[in-house]
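One letter stands for each residue in the lines below.
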Amino acid sequence: MFRPVHAPNHSGQTPGTFSPDSRQAWIRLVLALVIGSIGGVGMWAIVVMLPAVQAEFAATRGAVSLAFTLMMFGFGLGGVIAGKITDRFGIVPAMAISIAFLGVANVLAGLSTQLWQFVAAYFLIGLGTSATFAPLMAEASHWFERYRGLAVTIVASGNYFAGTMWPPIVNWGMQTIGWRYTHIGIGLVCVSLMTILVLVLRAQMGDDKVQDHANAPPPRVDLKLSTNTLTVLLSIASISCCVAMAMPQVHIVAYCGDLGYGVARGAEMLSLMMACGIVSRIGSGFLADKIGGIRTLLVGSLAQGFALVFYLFFDSLASLYLISAMFGLFQGGIVPSYAIIVREAMPASEAATRVGIVIFASVFGMSFGGWVSGIIFDATGSYAAAFANGVAWNALNIGIVLTLLIRSRMKSVRTGPGFAT
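Residues numbered from 1 in each chain as written. Predicted model: local features only at pLDDT ≥ 70, side-chain atom pairs only at ≥ 80, totals over all residues. Heavy atoms only, no water.

The full count for this structure, using the stated rule, is 1 cavity of 30 Å³ or more. Volume-wise, the largest cavity comes out at about 40 Å³. Lining of the largest cavity is provided by Gly 36, Gly 40, Thr 132, Phe 133, Val 155, Gly 158 and Asn 159. The greatest single-element share of the lining of the largest cavity, amounting to 3 residues, is contributed by helix α7 (residues 148-205). Residues that form the lining of the largest cavity fall into these classes: 2 nonpolar, 5 polar and no charged. (1 Å grid on protein atoms, 1.4 Å probe; cavity = no way out; pocket = protein on both sides within 12 Å on 5 of 7 lines; lining within 4 Å. Points joined across faces, edges and corners; volume = space filled by probe spheres on them. Helix = DSSP H or I, 4+ residues; strand = E, 2+ residues; numbered from the N terminus. Nonpolar A, V, L, I, M, F, W, Y, C, P; charged D, E, K, R; others polar.)

It is the contact of helix α11 (residues 293-313) with helix α12 (residues 317-331), at a shortest axis distance of 8 Å, that shows an interaxial angle of 165 degrees. When the axis of α11 is compared with that of α12, the two are roughly antiparallel. Every pair of crossing elements has a handedness; the one defined by α11 and α12 is left-handed. Here α11 contributes Gly 300, Ala 303, Gln 304, Phe 306, Ala 307, Leu 308, Phe 310 and Tyr 311 to the contact with α12, which in turn contributes Leu 320, Ile 323, Ser 324, Met 326, Phe 327, Phe 330 and Gln 331. Here the contact of α11 with α12 is built from residues that sort into 11 nonpolar, 4 polar and no charged. (Axes fitted to C-alpha atoms, helices over the stretch in contact; angles between N-to-C directions. Parallel < 35°, antiparallel > 145°, perpendicular 65-115°, else oblique. Left-handed = near helix turned anticlockwise from the far one by under 90°. Contact = heavy atoms within 4.5 Å.)

What follows concerns the pattern of salt bridges. All told, the structure shown has 2 salt bridges when counted by the stated rule. Close ionic contact of Glu 350 with Arg 354 constitutes a salt bridge, the shortest N to O distance being 3.2 Å. The class of Arg 354 is buried, set by a relative accessible area of 12%. (Salt bridge = Lys/Arg side-chain N within 4 Å of Asp/Glu carboxyl O. Buried < 20%, exposed > 50% of the residue type's maximum accessible area, 1.4 Å probe, protein only.)

With 30 residues, helix α14 (residues 351-380) ought to run about 44 Å at 1.5 Å a step, and its terminal C-alpha atoms sit 43 Å apart, in line with that. Where α14 ends, the next residue or the one after it, Gly 381, has phi of about 75 degrees, a positive value. (Expected span 1.5 Å × (residues − 1).)

Glancing now at the domain arrangement of the protein. You can read the domains of the protein as domain 1 (20-206) and domain 2 (218-410). Summarising the inter-unit geometry, the C-alpha centres of domain 1 and domain 2 are found 22 Å apart. Domain 1 puts 34 residues into the contact, and the matching count from domain 2 is 33 residues. Between domain 1 and domain 2 the total buried area reaches about 2,700 Å² when both faces are included, carbon and sulfur atoms providing 68% of it. Counting the surface domain 1 buries against domain 2, the share from its top three residues, Asp 87, Arg 148 and Tyr 160, is 25%. At the surface where domain 1 touches domain 2, the tally comes to 0 salt bridges. Between domain 1 and domain 2 we count 11 residue pairs in polar contact (both at pLDDT 80 or more) in total. Elements with a minimum of two residues in the side of domain 1 that touches domain 2: α3 (61-89), α6 (134-143) and α7. When residues of the side of domain 1 that touches domain 2 are assigned to their parent elements, the largest contribution, 12 residues, is made by α7. (Domains from an automatic or database assignment. Buried area = accessible area lost by both parts, 1.4 Å probe. Polar contact = N/O pair within 3.5 Å; in protein donor to acceptor, adjacent residues only side chain to side chain.)

Structure (structure tokens):
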């Protein structure tokens, strides 16, 4: 069922009314980036604390790693829930709930006396972290029209900035006061800093906390698909690309260890991959504003597949550094492109929920991709087949994106009254 969504008449706005791409929009964007960089700690603290927690509870590495798995599940599920809250009530209530979860869950993790309590706390941490990614990306898309792609990718970069900023801080805290008090400290820092930032954001938004959704620019692209059909297609595409993406991100350290280069070299490659990913995310935003989200996603998917093929044929130390940098530059903008496509082809009133669903699919793809790559390695004794598996999943993603691109070229892009698919 196609229902009309009429574009707002910006020319008739009264003084003081928010308008896309304004100075106020950029202030909101900076606040959103900082909030995402602080709240993103939930995804990275466990990576640093894993050995210490394992030793404390005398557990296996796999048992402690379950905390990361449940955190990612909570992150994906929470994105859908927080997205629904954002669409209904605005981003501020969603962020308030996120702050509460992050504060309480980190304290619970620090006070846990058994491993299952620690793992459960990280599921709650994932729920809290979720509002700082997909819902925040969707919200930022309402603040911009001309620079929408750039805005979405800047907010998405908060996750990578968190991955750059928090690990050394967490490591210092562990060495100084131990992992338990570090968790409690993280909770206190998140509650205090994020509360201040969200209050400032609330003041910036004024009475537009929810109304911005109704007045946001209408969809630009008519794919003649229902929102549910498009959401399913984007979710399958997201799973496919993230299964492929997970192979280098999850296994590059172990791969370098197997090749005799040492895990330290693999960790350096992973850091290089992430640093290049920040550049890629912001660059893809510029590109999306020029050619649209679907074409940007296709460029990223093709480039990611290109880099994966290189992993199949080159394994010298220098080549792995180079390929890892290429992979980071190619894949960093893929996930934010889905949020851009949602805003280009779906009503603004559903954006946060739909983005949350697609990001949940990407989380599943990353989790499944990391797991199945390990299974393939165990079965074959080599990562060659695992890389080939990634290439195959990436090809499925390219096929779906090409289908969407062909449909978008068949349908005229309307710039007058808005429409929804």
